[in-house]
Amino acid sequence: MTASLSTAWPAPAKLNLFLHINHQRDDGYHELQTLFQFIDHSDYLDFKITQTPSLILHSSLNKVVPQNDNLILKAAKSLQAYTQCSQGAEIYLDKRLPLGGGIGGGSSNAATTLVALNSLWNTHLSQKELCHIGLKLGADIPIFINGLSSFAEGVGEQFTPVTPIEKWYLIITPTVHVSTADIFRDPKLPRDTPKLSLDALMSAPWHNDCQKLVTNRYPQVANALAWLLEYAPSRMTGTGACVFGEFEQHQQALSALAKLPAEMSGFVAQGKNISPLTLRLAQR
């Protein structure tokens, strides 16, 4: 290992503990209210800094996602362009989060790339500037840069830190890829949930406005949710496909996982109100 290799930068998953769609704007974007909480389950990225501006991504995803479409490379290029940085990087992705699962894998990868390279390249951008770059790449990226569990409004870029209970979750990962763009284009998506104050939302029952549409489209998601509801209060996160059940104790979540039907897969993780990425940056 050389001094220029910086390892184990986490790109953590998130859960939407609730997701309300309030309105579709004239530009096509949706106004929403949602509560993000991180979990201690992540992809990991390693960065080898180079003194030439080339960017190379080493990832099993290269066979699935064209490099030009990969958010990791888009984030690195955006940071280079914004800062006029002449350095580059070889980036190594250890992919552990499911694709199209609604737990933020691609957005989190991009955020970790921006945060890590801003530190490793010594480009010294503020968190606000990184969020500005990230928002142009994806609506969820700023929350991962911000690094605190938050109530988000607007298109997801206006957030207020909150501290929900750090419960244990059993997350089931159906083997389907749900396109966020397709869900938000669907005319059957509810778009008229009234906006509420944060206090009202935190004390009301939590739900996900995308859940009914997705479970109607994808039987695998519906089946996973139906099974999980037998054991705990459960919902879908984001636009799916992942669903999660809430448990007060670690052992309760592990016991439910042990009963998971053979055709389903999942994992147990704990909610975290401070992102593992924020903790990693503090160790730099």
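The structure displayed is predicted, hence computed values, not measured ones. (Residues numbered from 1 in each chain as written. Predicted model: local features only at pLDDT ≥ 70, side-chain atom pairs only at ≥ 80, totals over all residues. Heavy atoms only, no water.)

To continue, consider the overall build of the chain. When helices and strands are counted, the chain shows 10 helices and 10 strands. For the chain, the C-alpha radius of gyration of 19 Å lies close to 19 Å, the compact-globule estimate for 284 residues. With the C-alpha coordinates aligned to their principal axes, the bounding extent of the chain is approximately 55 × 45 × 35 Å. Sorting the 284 residues of the chain into buried and exposed places 54% on the buried side. Residue pairs in contact within the chain that sit at least 24 positions apart in sequence constitute 76% of those at least 6 positions apart. Here the chain has roughly 12900 Å² of accessible surface; of this, 53% comes from carbon and sulfur atoms. In the chain, which carries 22 positive and 23 negative side-chain charges, the distance between the mean positions of the two groups comes to 5 Å. (Helix = DSSP H or I, 4+ residues; strand = E, 2+ residues; numbered from the N terminus. Rg over C-alpha atoms; globule rule 2.2 N^0.38 Å. Buried < 20%, exposed > 50% of the residue type's maximum accessible area, 1.4 Å probe, protein only. Contact = heavy atoms within 4.5 Å. Areas by Shrake-Rupley, 256 points an atom, 1.4 Å probe, with all protein chains shown as cover. Lys, Arg positive; Asp, Glu negative; His and termini not counted. Charge placed at Lys NZ, Arg CZ, Asp CG, Glu CD.)

Moving on, we get to a nonpolar patch on the surface. A contiguous nonpolar surface patch, about 250 Å² in accessible area, is contributed by Leu-148, Ile-274 and Leu-279. Counting through the fold element by element, Ile-274 comes out in the loop between strand 10 (266-272) and helix 10 (276-282). When its relative accessible area of 43% is taken as the criterion, Ile-274 is described as partly exposed. (Patch = residues over 30% accessible without salt bridge, like charges linked within 9 Å, V, L, I, M, F, W, Y side chains within 5 Å. Salt bridge = Lys/Arg side-chain N within 4 Å of Asp/Glu carboxyl O.)

We now examine the layout of surface pockets. Estimated volume of the largest pocket: approximately 1400 Å³. Around the largest pocket, the lining comprises 48 residues; the ones closest to its centre are Ser-107, Gly-138, Ala-139, Asp-140 and Thr-180. Secondary structure elements with two or more residues in the lining of the largest pocket: strand 1 (5-24), strand 2 (30-50), helix 1 (71-83), helix 2 (105-120), helix 3 (127-137) and helix 5 (180-185). Its residues assigned to classes, the lining of the largest pocket shows 18 nonpolar, 22 polar and 8 charged. (1 Å grid on protein atoms, 1.4 Å probe; cavity = no way out; pocket = protein on both sides within 12 Å on 5 of 7 lines; lining within 4 Å. Points joined across faces, edges and corners; volume = space filled by probe spheres on them. Nonpolar A, V, L, I, M, F, W, Y, C, P; charged D, E, K, R; others polar.)

This part takes up the packing of helix 2 against helix 3. Remark: helix 2 packs on helix 3, axes separated minimally by 10 Å, with the N-to-C direction vectors making an angle of 140°. It follows that helix 2 is oblique to helix 3 by the angle criterion. In the crossing of helix 2 with helix 3, the sense of the turn from one axis to the other is right-handed. Taking contact as the criterion, the partners of Leu-114, Val-115 and Asn-118 in helix 2 are, on helix 3, Leu-130, Ile-133 and Gly-134. Split by residue class, the contact of helix 2 with helix 3 holds 4 nonpolar, 2 polar and no charged. (Axes fitted to C-alpha atoms, helices over the stretch in contact; angles between N-to-C directions. Parallel < 35°, antiparallel > 145°, perpendicular 65-115°, else oblique. Left-handed = near helix turned anticlockwise from the far one by under 90°.)

A few words on the nonpolar core. In terms of nonpolar packing, the biggest core is built from 37 residues, with Phe-47, Leu-79, Ile-91, Leu-114, Leu-117, Trp-121 and Ile-145 touching the most fellow members. Elements supplying a minimum of two residues to this core: strand 1, strand 2, strand 3 (55-58), helix 1, strand 4 (88-94), helix 2, helix 3 and helix 4 (141-146). The element contributing the most residues to this core is helix 2, with 7 residues. Contact partners of Trp-121, with chain neighbours within four places excluded, come to Ile-49, Leu-55, Ala-76, Leu-79, Gln-80, Cys-85, Gln-87, Gly-88 and Ala-89. Among the nonpolar cores identified, the runner-up in size contains 30 residues, and Leu-213, Leu-228, Phe-247 and Leu-260 belong to it. (Core = buried A, V, L, I, M, F, W, Y, C linked by side-chain atoms within 4.5 Å.)

To continue, consider the pairing of strand 6 (residues 158-161). Note that strand 5 (residues 150-153) and strand 6 share 4 bridges and pair antiparallel. Note that in strand 6 the partner of Phe-151 across the bridge is Thr-160. Where strand 5 hands over to strand 6, the hairpin turn is made up of 4 residues, of which Gly-154 adopts a positive phi near 70°. (Pairing = 2+ DSSP bridges.)

Charged atoms that come close allow side chains of opposite charge to pair. Within the structure shown, the criterion is met by 11 salt bridges. With a closest N to O distance of 4.0 Å, Lys-14 and Asp-140 form a salt bridge. Here Asp-140 lies in the loop between helix 3 and helix 4 and Lys-14 lies in strand 1, a separation of 126 residues in the sequence. Relative accessible area serves as the criterion here: at 23%, Asp-140 is assigned to the partly exposed category. Across the salt bridge formed by Asp-182 and Arg-185, the nearest N and O atoms sit 2.5 Å from each other. Taken as a pair, Asp-182 and Arg-185 lie in helix 5 at a separation of 3 residues, close to a single helical turn. Take Asp-182: its relative accessible area is 31%, and that puts it in the partly exposed class.

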